[in-house]
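Analysis of the macromolecular model
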Amino acid sequence: MNALFAEYSAEGVSALFSEGYVQHNPNVRTGREPILGLLPALREAGFGYTLHRAIEDGDLVVTHTTCHNADFFGAKEVVAFDVWRVEDGKVAEHWDSIQPLAADTASGRSQTDGVTEVVDLDRTEQNKELVRGFVRDILIGADRTAWDGYIRDGRYAQHNPMVEDGPDALRAALESLRMKEVRRVIGEGNFVLTQSRAEWDERPFVFYDLFRVEDGAIVEHWDVLQEIPEEMAHPNGML
């Protein structure tokens, strides 16, 4: 990320990205050469990033960032989740979801603040199963009787800019959401990220949801959602 987004280094990108790099960002062609081609524009814009969270699960690394001078990606300041797949010591594949940074939020929380420390490494698989069940039962299955198994005592710190804290606000927000499928569940300790395809107001989106789990319950949530365009720069899809 530093080679690409901070140093704009062709040498660094060539060393750290595989030649057959598979791209899922809808606006960038697949392969390493298009990434090298972005470097002059990123340098000219003064593009930069602030890293908020990073989690590792096998060959996948998730980063949660704010990107600055990011007009290339749709706004001056954007929030992003990136998933990087590493193979043989190089970045081999990349997925992301990007959303403009909101000036105001319904909860008063920002899209990126909150707990950052990764703990409870021994509970990684248990926490992944909890989140997988929450998405299956609540977001896809719309089972309104299952809430207590996932969110307890009204504790749900919300970072989606349009939704207030608490499970009641989440219930209301879900009325216009139709989660279709979960493609990946990626976790480390108390943090679990899901990559999903959904319909929001009858339009197709990718959803990246990051959940923080504490004592067997979901207590905090961040997300970045991006509409899936009709045409992409490659045939790989966004998920």
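It should be noted that the structure appears before, not after, this text.
Everything quoted here is computed from the prediction, not taken from an experiment. (Residues numbered from 1 in each chain as written. Predicted model: local features only at pLDDT ≥ 70, side-chain atom pairs only at ≥ 80, totals over all residues. Heavy atoms only, no water.)

What follows covers the sheet that holds strand β1 (residues 17-23). In spatial order, the strands read β1-β5-β4-β3-β2; together these five strands make up an open sheet with mixed pairing. Two strands in the sheet have a free side with no partner beyond their single neighbour: β1 and β2 (48-57). In this sheet, adjacent strand axes meet at a mean angle of 25 degrees when their direction is disregarded. Inspection of the sheet shows strand β4 (residues 77-87) paired to strand β5 (residues 90-100) by ten bridges, in the antiparallel sense. When the sheet's bridge partners are listed, Glu87 is paired in β5 with Lys90. (Pairing = 2+ DSSP bridges. Helix = DSSP H or I, 4+ residues; strand = E, 2+ residues; numbered from the N terminus. Axes fitted to C-alpha atoms, helices over the stretch in contact; angles between N-to-C directions.)

A few words on the nonpolar core. Membership of the largest hydrophobic core comes to 25 residues, with the highest contact counts inside it found for Phe134, Ile138, Tyr150, Ile151 and Ile218. Mapped onto this core, the elements with two or more residues apiece are α4 (124-140), β7 (177-188), β8 (191-200), β9 (203-214) and β10 (217-227). For this core, the leading source of residues is α4, giving six residues. Apart from residues lying up to four places away in sequence, Phe134 is in contact with Leu139, Trp147, Tyr150, Ile151, Leu170, Phe211 and Ile218. The next biggest cluster of nonpolar side chains, apart from the first, holds 22 residues, and it includes Phe5, Tyr21, Ile35 and Val78. (Core = buried A, V, L, I, M, F, W, Y, C linked by side-chain atoms within 4.5 Å. Buried < 20%, exposed > 50% of the residue type's maximum accessible area, 1.4 Å probe, protein only. Contact = heavy atoms within 4.5 Å.)

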